[in-house]
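# Coordinate inspection notes
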Amino acid sequence: MRPTELLYLDCDTGIDDAMALAYLLASPGVTLAGVGTVSGNVDSAQAARNTLDLLELAGRTDIPVAVGAAVPLAGAYRGAVPHIHGTNGLGGAELARTERETADETAAEMIVRLARAHPGRLRLLATGPLTNLATALRLEPGLPALVADVTVMGGAARVSGNVTPVAEANIHGDPEAAAAVLAAPWDLTLVPLDVTLTHTLEEDHRQGLLDSERPVARALGEMLDLYYGFYTDTYGRRCCAAHDPLAAAVAVGGITPALAPTVHVTVDATDGPGRGQTICDLRGVHRGFPAQPGARCRVVLSAEGDVAGHLMERISAL
Ligand code: BDR
Ligand code: CA
């Protein structure tokens, strides 16, 4: 990412969202113009509280935080997931409470304001359900022409979902919003479970964070204890998927995707068993993915190299 480029983060902070935030703060040349929160791992108000406290711990009280949507576009918020992210969303880690307040605007308003203020420059990264991005599209239908690009952690292209057999949590959290965001005419990179479940953070990585002299790194090491416990069922060992920090790294160019075809993607927003599925047209796989006219969604199916090592190195430097 060039130094002059700006990033907006939309998240449901969340242990791995906290990792993504730390990664971005530690990334040279990345200017985080604002953070908005959405209900997902925790409700949007708690996610904002967690984000403010993390930013305080990182000494970055200059970055505004806006509370976003409390409920999805349709239906009710299904509630927090304390068995995955802890009752406070941060694995029970108790951060010092900052006095700082949230911004005097919603997350969707913040997206629109920043996009209008920096036409063609703002990059959007979403690591939670897409309610705020969809709401911003309603507020400003010209938004796709105003932002540079969008990166979303979400979906499952060729692998199973993690909430239902076909649906990933961020898409399942608001399928109507995801359908609108994936249908909008902007360049979007989807970072699905295909790649985020392939790259794991391990016990030695967590120990490295715990041994750090840096407060954010140590706090993340504490948080990961609960997260690793949850993922023991998935992997058969204490570790975790690199969902949100991996998406952050893709967004700012720290990690280069290996196989990442640009294809048509639609989101199932019906009420059937496919609700929340990201239907990616990968039929070109045997012909090297020939161009699909009108397709604007790059689906990251794999990334090469020591992804976890890169994430840890950067996060530890914060
Ligand atoms: C996604 O869901 C959330 O629990 C994580 O923070 C991540 O964004 C993974 O499916
Ligand atoms: Ca998240």
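Everything discussed here concerns the structure shown above.
One structure accompanies this document, and this report is about it. In this text the structure is predicted, and so the values were computed from the model without any measurement.

### Examining the site of ligand 1
Looking at ligand 1, the residues that line it are Asp 16, Asp 17, Asn 41, His 85, Thr 127, Met 153, Asn 162, Glu 168, Ala 169, Asn 170, His 243 and Asp 244. In this structure, an oxygen atom belonging to ligand 1 sits 2.5 Å away from a side-chain N or O atom of Asp 16. At 2.6 Å, a side-chain N or O of Asn 41 approaches an oxygen atom of ligand 1. When ligand 1 is considered free in solution it has 280 Å² of accessible area, and contact with the protein chains removes 95% of it.

### Points about the pattern of salt bridges
Taken as a whole and assessed by the stated rule, the structure comprises 15 salt bridges. Two residues, Glu 140 and Arg 116, come together in a salt bridge whose shortest N-O distance is 3.1 Å. Taken together, the residues Glu 140 in the loop between helix 5 (131-139) and helix 6 (143-146) and Arg 116 in helix 4 (residues 107-117) connect sequence positions 24 residues apart. A salt bridge links Asp 271 to Arg 275; the nearest nitrogen and oxygen atoms lie 3.7 Å apart. According to the relative accessible area criterion, Arg 275 is buried, its value standing at 15%. If you follow the salt bridges from partner to partner, you end up with Glu 203, Arg 206, Asp 225 and Arg 238 in one network.

### Side note on the sheet that holds strand 2 (residues 31-37)
Taken in spatial order, the 8 strands make up an open sheet running 3-2-1-4-5-6-12-9, and their pairing is mixed. Two strands bound the open sheet, and with one partner strand each, they are strand 3 (65-67) and strand 9 (262-263). Relative to strand 12 (residues 297-299), strand 9 is paired through 2 bridges, and the arrangement is antiparallel. Bridge assignment links Val 263 to a residue of strand 12, and that residue is Cys 297.

About the criteria used
- Residues numbered from 1 in each chain as written.
- Chains lettered and ligands numbered in written order.
- Predicted model: local features only at pLDDT ≥ 70, side-chain atom pairs only at ≥ 80, totals over all residues.
- Heavy atoms only, no water.
- Near = heavy atom within 4 Å.
- Polar contact = N/O pair within 3.5 Å; in protein donor to acceptor, adjacent residues only side chain to side chain.
- Areas by Shrake-Rupley, 256 points an atom, 1.4 Å probe, with all protein chains shown as cover.
- Salt bridge = Lys/Arg side-chain N within 4 Å of Asp/Glu carboxyl O.
- Helix = DSSP H or I, 4+ residues; strand = E, 2+ residues; numbered from the N terminus.
- Buried < 20%, exposed > 50% of the residue type's maximum accessible area, 1.4 Å probe, protein only.
- Pairing = 2+ DSSP bridges.

Function-wise, these values are silent; they only describe arrangement.
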